[in-house]
Amino acid sequence: DTAVSQTPKYLVTQMGNDKSIKCEQNLGHDTMYWYKQDSKKFLKIMFSYNNKELIINETVPNRFSPKSPDKAHLNLHINSLELGDSAVYFCASSPRDRVIGETQYFGPGTRLLVL
Amino acid sequence: GENVEQHPSTLSVQEGDSAVIKCTYSDSASNYFPWYKQELGKRPQLIIDIRSNVGEKKDQRIAVTLNKTAKHFSLHITETQPEDSAVYFCAASEAGTALIFGKGTTLSVSS
């Protein structure tokens, strides 16, 4: 019955590898997001999808590629992992409101460590 | 784009005292201001939010105030308890945009 879920919870990998993180929400929300939380706890938006369409793409290296197969899923694929990619990656979802911002619900996070 | 400043970065209080965390934002189009609490190793959890048509909102020991003219909003926690210890984030957004977060405040409540 988890609202926003992510897999895996932990990911330890070598530099240069390619890895994917998956996110699913069962809240019926239209919009999903990927945030990165660095070692200083700073939370920063990476991408946002609305109903499978990319609507926000912040300044993120093109080694990061999001994919939304349907509005309940948003995956993040990372190519050629670097040490600086080590962080916690949070998925979030919210209903879509065209007038005012809406509450975002976060997944449990994926702790990525690149060695 | 939006920029959110949050102060202080750390805050230590005694149990039972009040704690106040302040944030300012830059984009006058922002109309939604949530506060999240993040415990160590956990996800950010929404504790209270306010929209731009309201000046103040209260939920038990937690209250948030918004001054749209000055572009600042604050979180007030009264009668603090050790379990209030966590990192608190303010954020701002408008319709269809992602949350822009402040850098967080580490609150420590000692008994």
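Residues numbered from 1 in each chain as written. Chains lettered and ligands numbered in written order. Predicted model: local features only at pLDDT ≥ 70, side-chain atom pairs only at ≥ 80, totals over all residues. Heavy atoms only, no water.

S.K.: Explain the state of the cysteines residue by residue, including any values.
M.R.: Tallying each qualifying case throughout the model produces two disulfides over all chains. Linked covalently through their sulfurs, Cys23(A) and Cys91(A) form a disulfide whose S-S length is 1.9 Å. For the disulfide bridge between Cys23(A) and Cys91(A), the dihedral angle about the S-S bond is near -75°, and by the sign convention the bridge is left-handed. With a gap of 68 residues between them, Cys23(A) in strand 3 (residues 19-25) and Cys91(A) in strand 9 (residues 87-94) connect regions that are remote in the sequence. Through a disulfide, Cys23(B) is tied to Cys90(B); the S-S separation comes to 1.9 Å. Given an S-S torsion of about -100°, the disulfide between Cys23(B) and Cys90(B) has left-handed geometry. Of the two residues, Cys23(B) sits in strand 3 (residues 19-25) while Cys90(B) sits in strand 9 (residues 86-92), which places them 67 residues apart along the sequence. (Disulfide = S-S within 2.5 Å. Helix = DSSP H or I, 4+ residues; strand = E, 2+ residues; numbered from the N terminus.)

S.K.: Give a description of the interface of chain B and chain A that names residues and reports values.
M.R.: Each partner contributes residues to the interface: chain B has 25 residues there, and chain A has 24 residues. Summed over both sides, the interface of chain B with chain A buries roughly 1900 Å², with 59% coming from carbon and sulfur. At the junction of chain B with chain A, the criterion picks out zero salt bridges. For the pair chain B and chain A, the interface holds seven residue pairs in polar contact (both at pLDDT 80 or more). Counting residues per element, the ones that place at least two in the side of chain B that touches chain A are strand 4 (32-38), strand 5 (45-51) and strand 10 (100-101) of chain B. A breakdown of the residues in the side of chain B that touches chain A according to their chemical character gives 11 nonpolar, eight polar and six charged. (Contact = heavy atoms within 4.5 Å. Buried area = accessible area lost by both parts, 1.4 Å probe. Salt bridge = Lys/Arg side-chain N within 4 Å of Asp/Glu carboxyl O. Polar contact = N/O pair within 3.5 Å; in protein donor to acceptor, adjacent residues only side chain to side chain. Nonpolar A, V, L, I, M, F, W, Y, C, P; charged D, E, K, R; others polar.)

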